[in-house]
Amino acid sequence: MTTFPSSRLSRRGVVQLGGVSVGAAALAIGSNRFAARAQDATPDATPAGTPVAGGSASAAILASYPYALPDLPYAYDALEPVTSTTTQELHHDGLHANYVTTLNAALEQVPDAQGFTLEDLVLNLAIVPEDDFTAANGVVKPRRAVVRTNAGGHYNHSVWWDTMSADGGGEPEGPLADAIMAAFGDFATFQEEMKLAVLGNTGSGWTWLITDDAGAVSITATPAQDNPLITGEGYPVFGIDNWEHAYLLDYTTATGRGEYVDAWWEIANWTFIGGRYEAHLGQ
Ligand code: MN
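How each quantity is defined
- Residues numbered from 1 in each chain as written.
- Predicted model: local features only at pLDDT ≥ 70, side-chain atom pairs only at ≥ 80, totals over all residues.
- Helix = DSSP H or I, 4+ residues; strand = E, 2+ residues; numbered from the N terminus.
- Buried ≥ 20, exposed ≤ 12 C-beta atoms within 10 Å, placed from the backbone.
- Contact = placed C-beta atoms within 7 Å.
- Axes fitted to C-alpha atoms, helices over the stretch in contact; angles between N-to-C directions.
- Parallel < 35°, antiparallel > 145°, perpendicular 65-115°, else oblique.
- Nonpolar A, V, L, I, M, F, W, Y, C, P; charged D, E, K, R; others polar.
- Arc of directions from axis to C-beta.
- Pairing = 2+ DSSP bridges.

Enquirer: Before we go on, may I ask you to explain the overall build of the chain in this structure?
Expert: Scanning the chain for helices and strands turns up 10 helices and five strands. The buried share of the chain, taken over its 283 residues, is 42%. Here the contacts in the chain between residues at least 6 apart in sequence split such that 72% fall between residues at least 24 apart.

Enquirer: How should I be thinking about the packing of helix H6 (residues 174-184) against helix H10 (residues 270-280) in this particular structure?
Expert: How two helices sit against one another is set out by the angle between their axes and by the gap between those axes. Packing of H6 against H10 brings their axes to within 8 Å, and their N-to-C directions diverge by 85°. With respect to H10, the element H6 is oriented roughly perpendicular. Along its contact with H6, which presents Gly174, Pro175 and Leu176, the element H10 presents Ile273, Gly274, Tyr277 and Glu278. Of the residues that constitute the contact of H6 with H10, the class distribution is four nonpolar, two polar and one charged.

Enquirer: I keep staring at H6 and nothing clicks. Help me out?
Expert: Since the α-helix packs 3.6 residues into each turn, any two residues three or four apart lie on the same face. For H6, the full list of buried residues reads Leu176, Ala179 and Ile180. Viewed end-on, H6 has its buried residues packed into an arc of 100°, placing them on one side of the element. Elements that come into contact with the buried residues of H6 comprise helix H7 (187-200), strand E3 (205-211), strand E4 (217-223) and H10.

Enquirer: Whenever I open this one, the pairing of E4 confuses me. Can you help?
Expert: Sheet analysis places E3 next to E4, joined by seven bridges and oriented antiparallel. Residue pairing in the sheet places Gly205 in a bridge with Pro223 of E4. Linking two consecutive strands that pair antiparallel, namely E3 and E4, is a turn of five residues; a positive phi of about 95° is found at Gly215 within it.

In short, geometric facts, not functional conclusions.
Okay, structure coming up:
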């Protein structure tokens with residue numbers, strides 16, 4: 001256990017290097033990593049657990065073009081049975097990877113947008129022109145709409161992986177706990193309101209705990225791959241992925257979405273989430 005944090009840090013360092021310093025080579029590294037990842041799922045994969053505040057996969061939000069897919073901060077099977085290995089593989093290696101690939105393709109001809117960190121990009125989507133962009137699958141859409149979807153998807157999922165841990169569960173402590181108490185009265189009420197917001201967010205989207213710059217938290221929901229930075233509602237402390245790809249393989253009944261939310265609290269990484277809240281407020 002004592003050697004584990006440094007191993008995680010070095011894996012993360014590679015990811016960050018791919019995103020920040022290596023330039024175009026990062027794309028090739030990214031696809032090679034995809035092949036290597038199948039082996040990662042077995043024994044020597046990063047062990048589950050060990051919440052880390054303010055770092056890990058969501059360092060991706062501080063990287064700029066060309067964007068790189070961050071490694072999962074744990075093994076593919078680490079979140080079983082709440083989230084299955086199959087869901088993690090599809091979600092990370094398939095869907096998240098595709099957001100990154102499409103985002104890079106859409107920005108290839110837009111040098112003015114290439115210097116932005118991912119977080120600054122989602123805050124400044126107006127920098128992206130609205131000319132037609134033809135995706136790899138032949139679909140033509142305005143370039144800004146494509147970047148909105150895929151930058152949002154990359155941002156939301158980079159944070160998502162870190163908000164979960166095999167050692168998660170329980171309740172937050174410290175300033176985030178205080179803010180949740182102030183807004184909702186008690187943790188169980190907060191959980192119930194999050195669940196209702198997920199159930200009410202019909203279709204694909206995300207449900208978020210957001211904070212304002214004074215630290216007051218509230219719940220909101222966004223469609224598709226939008227997030228509260230894109231919509232201007234506040235800072236996303238953490239979100240629950242409402243897309244069926246996040247849960248339908250594991251929760252197959254008509255009430256599956258609610259069961260997924262109930263189970264998700266068992267893997268909520270409050271150390272990371274609380275650290276993200278405090279870091280945003282400069283605490
Ligand atoms: Mn998703």
